[in-house]
Amino acid sequence: MKFLSCILLIFCISLSVNAEVITGGVEYNTNSARDELIQTQKLAIPKSLLKANLIDNNRNNNLAVLLKGVTELKDRTLAYFSDGSYGIIYKDNPQYVWYYNNDGTLTHSEIKSSLEYPYKTYKYSADGQLVNMSLRVSKEETYIFKPDGTLIAHWIGQYCYDERGNIVMSRKILE
């Protein structure tokens, strides 16, 4: 009996030492991401906030620093796009993203459901029409859908895939 108890004790100790740590998290596929976005009430941007951001009052400064390759400023983070447009996230209100054309006129706005992954975003045109919605699963993975639920893109790392799993574009992620 002692021998059996010793074997059982050694077995239990080795299990606890060799056990894998299980981390929580939700995994999504295209259908579950789509369902999550469609079944959730859409977030809206307050009209007063939208009105206050129709024009980028810092356009000249923003474009000048972007041309120098600077994206991090004291009060905001900037992104420059190949079509000449740019985006701004203000550090005092990072739930919102403001997209401007080269003239400094608002083209789109975006609201985030959270600042922690996974979170949802809703992107609107300047006149308030929902353009797309996304589920940002992690820094590396994002699903983007049209308002009707049609997949626009599924980003995994540097690659963007269509609904059939074909790579349609790539990006360079700067750290």
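Look above for the structure.
Residues numbered from 1 in each chain as written. Predicted model: local features only at pLDDT ≥ 70, side-chain atom pairs only at ≥ 80, totals over all residues. Heavy atoms only, no water.

## Observations concerning the sheet that holds strand β3 (residues 96-100)
Piece 1. Strand order in this open sheet of 10 strands is β1-β2-β3-β4-β5-β6-β7-β8-β9-β10, and the pairing throughout is antiparallel. Every interior strand has two partners, whereas the edge strands, β1 (76-80) and β10 (167-170), have only one. Going across the sheet, the axis of each strand differs from the next one's by a mean of 20°, ignoring polarity.
Piece 2. In terms of strand pairing, β1 meets strand β2 (residues 86-90) through 5 bridges, oriented antiparallel. Opposite Y80, over in β2, you have Y86 as the bridge partner.
Piece 3. Here helix α2 (residues 30-38) sits on the sheet and contacts β5 (119-125), β6 (130-136), β7 (141-145) and β8 (151-156); the angle it forms with β7, its principal contact strand, is near 60°.
Piece 4. Sheet strands touched by helix α4 (residues 59-67): β1 and β2. Its angle to β1, the strand with the most contacts, is close to 65°. (Pairing = 2+ DSSP bridges. Helix = DSSP H or I, 4+ residues; strand = E, 2+ residues; numbered from the N terminus. Axes fitted to C-alpha atoms, helices over the stretch in contact; angles between N-to-C directions. Contact = heavy atoms within 4.5 Å.)

## Focus: α2
Every α-helical turn comprises 3.6 residues, leaving residues that sit three or four positions apart pointing alike.
Piece 1. Those residues of α2 that sit buried are T30, A33, R34 and L37. For α2, the angular spread of buried residues about the axis comes to 100°, placing them on one side.
Piece 2. Those residues of α2 hidden inside the fold are in contact with β5, β6, β7 and β8.
Piece 3. A side-chain oxygen of the first residue of α2 lies 2.9 Å from the backbone nitrogen of N31; this N-cap is N29. (Buried < 20%, exposed > 50% of the residue type's maximum accessible area, 1.4 Å probe, protein only. Arc of directions from axis to C-beta. Polar contact = N/O pair within 3.5 Å; in protein donor to acceptor, adjacent residues only side chain to side chain.)

## A short note on the packing of aromatic side chains
Piece 1. Across all of its chains, the model carries 5 aromatic pairs by this definition.
Piece 2. Seen from their ring centres, Y96 and W98 are 5.9 Å apart, and the 20° between their planes marks the pair as stacked. When sorted by exposure, Y96 lands in the same class as W98, which is buried. (Phe/Tyr/Trp six-rings, centres within 6.5 Å; stacked < 30°, edge-to-face > 60°.)

## Let's talk about the pattern of salt bridges
Piece 1. Tallying each qualifying case throughout the model produces 6 salt bridges.
Piece 2. We note a salt bridge from R76 to D75, for which the minimum N-O separation is 2.7 Å.
Piece 3. The partner of E110 in a salt bridge is R136, and the shortest N-O contact between them spans 3.6 Å. Of this pair, E110 sits in strand β4 (residues 106-112) while R136 sits in strand β6, and the two are 26 residues apart along the sequence.
Piece 4. Look at E110 and you get buried, because its relative accessible area is 4%. (Salt bridge = Lys/Arg side-chain N within 4 Å of Asp/Glu carboxyl O.)

## Some points on the side chain of N132
Piece 1. Relative to the assigned elements, N132 resides in strand β6.
Piece 2. Judged by relative accessible area, which is 12%, N132 ranks as buried.
Piece 3. Setting aside its immediate chain neighbours within four residues, N132 contacts T121, Y122, K123, I144, F145, P147 and I152.

Bear in mind that shape data such as this cannot, by itself, settle questions of function.
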